[in-house]
Amino acid sequence: MTQTNEPNKETCAGNCASCPSATGCSDQRNTGAPKDLPPKANISVKHVVLVLSGKGGVGKSTVSTNLAYALANRGYNTGLIDLDIHGPDIPKMLGVEDARLQSYDGKIIEPVRITGNLAVISMAFLLPERNTPVIWRGPMKMTVIRQFLEDVNWGDLDYLVVDLPPGTGDEALTVAQLAPNIAGAVIVTTPQDVAILDSSKAAEFVKKLELRVLGIVENMSGFVCPHCKEEIDVFGRGGGEKEAKELGVPFLGAIPLDPEMRRAADEGRPFIIRRAEDNPTRKSFDAIMEALVKEIEG
């Protein structure tokens, strides 16, 4: 059965705030919820890039972290928001997991500065202990997402990279409605069919929100044995590129499965500053960053 962005007018309850079709719906009726979508957050940013995955375990946070670092290395003022509220891992990957958020006036939050032009915000900075769980329903998530966008002293940003949890739930929908100047979404997948299936759902979600799919990144694409130097396709190869062609969206590039990537994340030193510029995996990140900037800025 063909599905469209238009809700069924016979069964629509008017709950526009939680409806993925709300942005393209011309008949946003109401049974108690506001008819209008929430106002955009007040933040000075040229381009917001959402990083999505259809499923967990594909390396989305690793891609977000190294992509943000690559943009900052090229001189762009870059912000990075870790919106995986229940499993915030980016501070660990950046080596700042013990940092805490501060406010000089009790109103505006200071992000954690990684470099002169790279700042990050994460739920991890608010937790009393590393193993403290966040047990929240949707409305509380929506509140903190708005705060992370407009109550943080980001300054004037060229790029804001938003790392989202797996799937197409509250966090993705809320930031898509609140963030201004969204350039589009990057979808991270691994080569195998199961991951590709879920990434296609993420792409359809982005399209339903009338946002642009900036491209697909294939992570864990091939592995070079450190002993025999033979290349092994552990999870397959080429699935992300094939899916990009079928969906009619750009393919931004492939990142090989590299043990150094895992080691860099565990040690809190992003891979892109840990390895030499001639490293193949680092080259792949730089190429993806350049392809992304070209897609956005032309």
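This text goes with the structure placed above it.
Attention in this report is confined to the structure presented alongside it. (Residues numbered from 1 in each chain as written. Predicted model: local features only at pLDDT ≥ 70, side-chain atom pairs only at ≥ 80, totals over all residues. Heavy atoms only, no water.)

1. Comments concerning the overall build of the protein chain
- Looking only at helices and strands, the protein chain has nine helices and 10 strands in total.
- Pairs at least 24 apart in sequence give 74% of the contacts found in the protein chain among residues at least 6 apart.
- Accessible surface for the protein chain amounts to roughly 14,200 Å². Of this, 50% is attributable to carbon and sulfur atoms. (Helix = DSSP H or I, 4+ residues; strand = E, 2+ residues; numbered from the N terminus. Contact = heavy atoms within 4.5 Å. Areas by Shrake-Rupley, 256 points an atom, 1.4 Å probe, with all protein chains shown as cover.)

2. Re the sheet that holds strand β7 (residues 213-218)
- The mixed open sheet is built from eight strands, whose spatial order is β3-β4-β2-β5-β1-β6-β7-β10. Each edge of the open sheet carries a strand with a single partner, namely β3 (112-115) and β10 (251-254). Taken pair by pair, the neighbouring strands of this sheet meet at an average axis angle of 20 degrees, ignoring direction.
- Pairing of β3 with strand β4 (residues 118-122), which is carried by three bridges, proceeds in the antiparallel orientation. Bridge pairing links T115 to L118 in β4.
- In the packing of helix α1 (residues 60-73) onto the sheet, the strands contacted are β1 (45-52), β2 (78-82), β3, β4, β5 (157-163) and β6 (182-189), and the crossing angle to β5 comes to about 170 degrees. (Pairing = 2+ DSSP bridges. Axes fitted to C-alpha atoms, helices over the stretch in contact; angles between N-to-C directions.)

3. Focus: the packing of aromatic side chains
- All chains considered together, the criterion is met by one aromatic pair.
- Judged by centre distance (5.1 Å) and plane angle (85 degrees), the rings of Y76 and Y159 are edge-to-face. Of this pair, Y76 sits in the loop between α1 and β2 while Y159 sits in strand β5, and the two are 83 residues apart along the sequence. (Phe/Tyr/Trp six-rings, centres within 6.5 Å; stacked < 30°, edge-to-face > 60°.)

4. As for the packing of helix α5 (residues 193-208) against helix α6 (residues 239-247)
- Taken N-terminus to C-terminus, the directions of α5 and α6 make an angle of 35 degrees; their axes are 11 Å apart at the nearest point. In this structure, the crossing between α5 and α6 has a hand that is right-handed. Listed contacts from α6 to I196, S199, S200, A203 and K207 of α5 are G239, G240, E243 and L247.
- When its residues are assigned to classes, the contact of α5 with α6 shows three nonpolar, four polar and two charged. (Left-handed = near helix turned anticlockwise from the far one by under 90°. Nonpolar A, V, L, I, M, F, W, Y, C, P; charged D, E, K, R; others polar.)

5. As for α6
- Listed in full, the buried residues belonging to α6 are G239, G240, E243 and A244. Buried positions in α6, seen along its axis, are confined to an arc of 135 degrees and lie on one side of it. Across α6 from its buried face, at more than 90 degrees, point the exposed residues K242, K245 and E246.
- Considering only its buried residues, α6 is in contact with β6, α5, β7 and β10.
- Residue G248 follows α6 closely and has a positive phi angle near 75 degrees. (Buried < 20%, exposed > 50% of the residue type's maximum accessible area, 1.4 Å probe, protein only. Arc of directions from axis to C-beta.)

6. As for the pattern of salt bridges
- A full pass over the atoms with the stated rule returns 13 salt bridges.
- In this structure, E97 engages R130 in a salt bridge whose closest nitrogen and oxygen atoms are separated by 3.7 Å. Of the two residues, E97 sits in the loop between α2 (90-94) and β3 while R130 sits in the loop between β4 and α3 (138-150), which places them 33 residues apart along the sequence.
- Under the relative-accessibility criterion, R130 is labelled exposed at 61%.
- E295 is the partner of R212 in a salt bridge, and the nearest nitrogen-oxygen pair spans 2.8 Å. Residue R212 is found in the loop between α5 and β7, and its partner E295 is found in helix α9 (residues 280-297); the two are separated by 83 residues along the sequence.
- Classification of R212 by relative accessible area gives partly exposed; the value is 38%.
- According to the relative accessible area criterion, E295 is partly exposed, its value standing at 26%. (Salt bridge = Lys/Arg side-chain N within 4 Å of Asp/Glu carboxyl O.)

7. A word on the nonpolar core
- If you look at the biggest cluster of nonpolar residues, it comprises 80 residues, and the most contacted ones within it are L149, W154, L160 and V175.
- Residue contributions to this core peak at seven residues, all from α1.
- Setting aside its immediate chain neighbours within four residues, L160 contacts I43, V45, H47, V48, V49, G79, L80, I81, L149 and W154. (Core = buried A, V, L, I, M, F, W, Y, C linked by side-chain atoms within 4.5 Å.)

8. Observations concerning unusual backbone geometry
- At N181, a residue that is not glycine, the phi angle is positive and equals roughly 50 degrees.
- Relative to the helices and strands, N181 is located in the loop between α4 (170-178) and β6.
- Overall, the relative accessible area of 47% leaves N181 in the partly exposed class.
- One non-glycine residue, E210, lies in positive phi territory at about 60 degrees.

9. A short note on α3
- Between its first and last C-alpha, α3 extends 19 Å over 13 residues, near the 18 Å set by a 1.5 Å rise per residue.
- Taken residue by residue, α3 has G138, K141, V144, I145, F148 and L149 as its buried positions. Buried residues along α3 cover an arc of 140 degrees about the axis, so they all sit on one side.
- At its buried positions, α3 is contacted by β2, β4, β5 and α4. (Expected span 1.5 Å × (residues − 1).)

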